[in-house]
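Each chain, written out:
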Amino acid sequence: MNITVVGAGYVGLVTSTCFAELGNHVTCVDVNEHKIANLKKGILPIYEPGLEPMVMSNMNEGRLHFATSMSEGIANSQVIFIAVGTPSDKDGSADIKYVLEAARNIGVHLKHYCIIVDKSTVPVGMADQVQNVIQQELQKRNLTIQFDVVSNPEFLREGAAIEDFMRPDRIIIGLESSNAKNIMLDLYLPILRSPERIYFMSVKDAEMTKYAANAMLATRISFMNEMSILCERMGVDVENVRIGIGSDSRIGSVFLNPGCGYGGSCFPKDVRALIKMAELHHVDSMILQAVEARNDKQKQVLSKKVLDVFGEDLADITLAVWGLSFKPGTDDMREAPSLVLIEDVIKRGARVQAYDPVAMPVAREIVPEEWLRSGKLILAAHQYDALKDADALLLITEWKPFCYPDMTAMRNLMRQYIIFDGRNQYDPKHMHAAGFDYYGIGRGSTPALLVKGAIKCKEVLA
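Presented here is a report on the structure given in the accompanying data block. (Residues numbered from 1 in each chain as written. Predicted model: local features only at pLDDT ≥ 70, side-chain atom pairs only at ≥ 80, totals over all residues. Heavy atoms only, no water.)

Things to note about helix H3 (residues 51-60)
The α-helix advances 3.6 residues per turn, and as a result positions three or four apart in sequence lie on the same side. Within the span of H3, buried status applies to Leu51, Met54, Val55 and Asn58. All buried residues of H3 project into a common sector of 100° when viewed along the axis, lining one side. Opposite its buried face, H3 presents the exposed residues Pro53 and Asn60, each directed more than 90 degrees away. Where the residues of H3 are buried, they touch helix H1 (10-21), strand E3 (64-67) and helix H7 (161-166). Looking one or two residues beyond H3, the residue adopting positive phi is Gly62, at roughly 80°. (Buried < 20%, exposed > 50% of the residue type's maximum accessible area, 1.4 Å probe, protein only. Helix = DSSP H or I, 4+ residues; strand = E, 2+ residues; numbered from the N terminus. Arc of directions from axis to C-beta. Contact = heavy atoms within 4.5 Å.)

A few points about the pattern of salt bridges
Under the definition given, this model contains 25 salt bridges. As a salt-bridge pair, Asp30 and Lys35 come within 3.9 Å of each other at their nearest N and O atoms. In this structure, Glu239 engages Arg242 in a salt bridge whose closest nitrogen and oxygen atoms are separated by 2.8 Å. With a gap of three residues between them, Glu239 and Arg242 both fall in helix H10 (residues 238-246), about one helical turn apart. (Salt bridge = Lys/Arg side-chain N within 4 Å of Asp/Glu carboxyl O.)

Focus: the nonpolar core
In this structure, Phe310, Leu319, Trp322, Leu324, Leu377, Met410 and Phe420 are the most contacted members of the largest nonpolar core, which totals 60 residues. Top contributing element to this core by residue count: helix H13 (residues 301-310), with six residues. Those residues in contact with Leu319 that sit more than four places away from it in its chain are Val306, Phe310, Val345, Ala350, Arg351, Val352, Gln353, Ala392 and Leu394. In terms of nonpolar packing, the next biggest core, distinct from the first, is built from 44 residues, Tyr10, Val26, Leu64 and Ile171 among them. (Core = buried A, V, L, I, M, F, W, Y, C linked by side-chain atoms within 4.5 Å.)

Quick word on the packing of aromatic side chains
Applying the stated criterion across every chain, the model contains 10 aromatic pairs. Both rings, one in Phe19 and one in Tyr188, keep their centres 5.7 Å apart while their planes meet at 55°; by these two values the pair is tilted. One end of the pair, Phe19, is in helix H1; the other, Tyr188, is in helix H8 (residues 178-188), with 169 residues separating them in the sequence. As far as burial versus exposure is concerned, Phe19 and Tyr188 are alike and both buried. Both rings, one in Tyr355 and one in Phe402, keep their centres 6.3 Å apart while their planes meet at 70°; by these two values the pair is edge-to-face. Placement of Tyr355 in strand E10 (residues 351-355) and of Phe402 in the loop between strand E12 (392-395) and helix H17 (407-413) is noted, with a sequence separation of 47 residues between them. Phe402 matches Tyr355 in its accessibility class, with the two residues each being buried. Three or more aromatic residues joined by ring pairs make a cluster, and in this case those are Phe19, Phe81, Phe165 and Tyr188. Positioned above the aromatic ring of Phe155, the side-chain terminus of Arg170 is 3.8 Å from the ring centre. The ring of Phe200 has Lys181 lying over it, and the distance from NZ or CZ to the ring centre is 4.9 Å. (Phe/Tyr/Trp six-rings, centres within 6.5 Å; stacked < 30°, edge-to-face > 60°. Lys NZ or Arg CZ within 6 Å of the ring centre and 35° of its normal.)

Thoughts on the sheet that holds strand E13 (residues 418-421)
Working definition: the strands of a sheet are paired by backbone hydrogen bonds and lie parallel or antiparallel to each other. What the six strands build is an open sheet, ordered E11-E10-E9-E12-E13-E14; its pairing is parallel. At either end of the open sheet lies a strand with only one pairing partner, and these are strand E11 (377-379) and strand E14 (437-439). On average, each strand axis in the sheet is tilted by 20° relative to the strand beside it, whichever way the strands run. Pairing of E13 with E14 involves three bridges; the strand directions are parallel. Looking at E14, one finds that Ile419 is bridged to Tyr438. This element, H13, spans strand E9 (318-322), E12, E13 and E14 of the sheet and lies at about 155° to E13. (Pairing = 2+ DSSP bridges. Axes fitted to C-alpha atoms, helices over the stretch in contact; angles between N-to-C directions.)

Here we look at unusual backbone geometry
Positive phi values are uncommon outside glycine, yet Asn142 reaches one of about 55°. For Asn142, the position within the fold is in the loop between helix H6 (126-140) and strand E6 (147-151). Its relative accessible area of 72% is what places Asn142 among the exposed residues. In this structure, Asp389 is a non-glycine residue whose phi angle is positive, near 60°.

Thoughts on the environment of Lys305
Along the chain, Lys305 turns up in helix H13. According to the relative accessible area criterion, Lys305 is buried, its value standing at 9%. Separated by 115 residues in sequence, Lys305 and Phe420 have C-alpha atoms that sit 7.8 Å apart. Those residues within four positions of Lys305 in sequence are excluded, and the remaining contacts are Glu232, Phe420, Tyr439, Gly440 and Ile441. Here the side chain of Lys305 touches Gly440 through a polar contact of 3.2 Å, landing on its backbone oxygen. (Polar contact = N/O pair within 3.5 Å; in protein donor to acceptor, adjacent residues only side chain to side chain.)

Section: the pairing of strand E5 (residues 114-118)
Consecutive side chains along a regular strand alternate between the two faces of the sheet. The buried fraction of E5 is high, at five of five residues. On E5, burial covers both faces: Cys114, Ile116 and Asp118 on one face and Ile115 and Val117 on the other are all buried. One ladder, built from four bridges, connects strand E4 (residues 79-82) with E5; its direction is parallel. Paired with Val79 across the bridge in E5 is Ile115.

Overview of the environment of Thr15
Here Thr15 shows up in helix H1. Along the chain, Thr15 and Ile162 lie 147 residues apart, while their C-alpha atoms are 8.8 Å from each other. In this structure Thr15 touches Val5, Lys119 and Phe165, once residues within four positions along its chain are discounted.

As for a nonpolar patch on the surface
On the surface, Leu230, Met234 and Val236 cluster together into a nonpolar patch covering about 280 Å² of accessible area. Of note, Val236 is situated in the loop between helix H9 (203-233) and H10. In this structure Val236 comes out as partly exposed when scored by relative accessible area, which is 32%. (Patch = residues over 30% accessible without salt bridge, like charges linked within 9 Å, V, L, I, M, F, W, Y side chains within 5 Å. Areas by Shrake-Rupley, 256 points an atom, 1.4 Å probe, with all protein chains shown as cover.)

What follows is the structure in structure tokens.
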């Protein structure tokens, strides 16, 4: 098929590239001229494992094109995907201005029957607005052109987006037209040979399914984080509890890992948007509000542990931070727990030395320049450089290179042997055996061997 994708962000770029990989001719349109110019050179605006070589391959094969003008894209397209951002507005609702602008541009340039597909995460009823906007633009042109608006929400995990696109566990499609259904089946059957996992429903049902799915996953995370607080107070290891309840087939084990809070571009804004939708329809969203409140509080758990060990004044404390992105496999730092932690400890005088395998360029762009200029935040070139003379290590993101650290190197570099594990990555027994004080999430801890003002750990433990 000939496909146009409006938006060269995370969803748009992955969607464009994967459809091109399947043999379709795809034009990805974005108004950001700098972004499109870079994409034409093979420079991607995001990090996603495996995406860059796939983009280059399909560009070289002539199946994937990038453009700044809608007219370049939709001339021969049968399907047009809207994959622009819907960030949180000031009141928590989804900001739909980019979706409406895309719809207007489609209406200005549409010349023949097309399917318009909402791929962006949009509020329930958005397809009707897209339909009306396109129709208004056609009326201005004195044209009568048939088109269908379809909802086809994405369920891509950052860090595993290509796998999720090519091998999805389900595809949700909301539509009202049999013609649109046949075309969408033709589009997706190369991915799912069996149509049983392609679920057709009304447009509004599909729009709500996306929000409900993300809200459910966020709820599981916040529930487990709340359990971790209770477990820690009661001397219970939450990891054993997690394994115990996860083995129940009615519950399952996914999204039950306690930690220092969720972040990213999806869960926080989608939970907020669903709360706003509930408010507009006079529904008291007690569970959703609790999910959001627990997550906000969970992002402060590690900094509180740091203050419990070192005291409120961190003026002479250097903290190493491993992991800045909100999860492994991406450079996305939107609403990342690392940002909350770093701000909390810097306010109390700490010096932070941080490292992330992928997100360092993003960090340089988004953290306050004053932190970098004053030396309050050092972005280290290597994960072990971040440990030099550190009083403690804080693990925020569970990247694979952090799984099995070199304990000897850590002991030689660090001033004090203390680990705050925000993802329960390490075995407390192993850490204690290596001479480290260990503080996890919901796992209890041993008293710190050394705190601020005491002699160096390496002098005691050597």
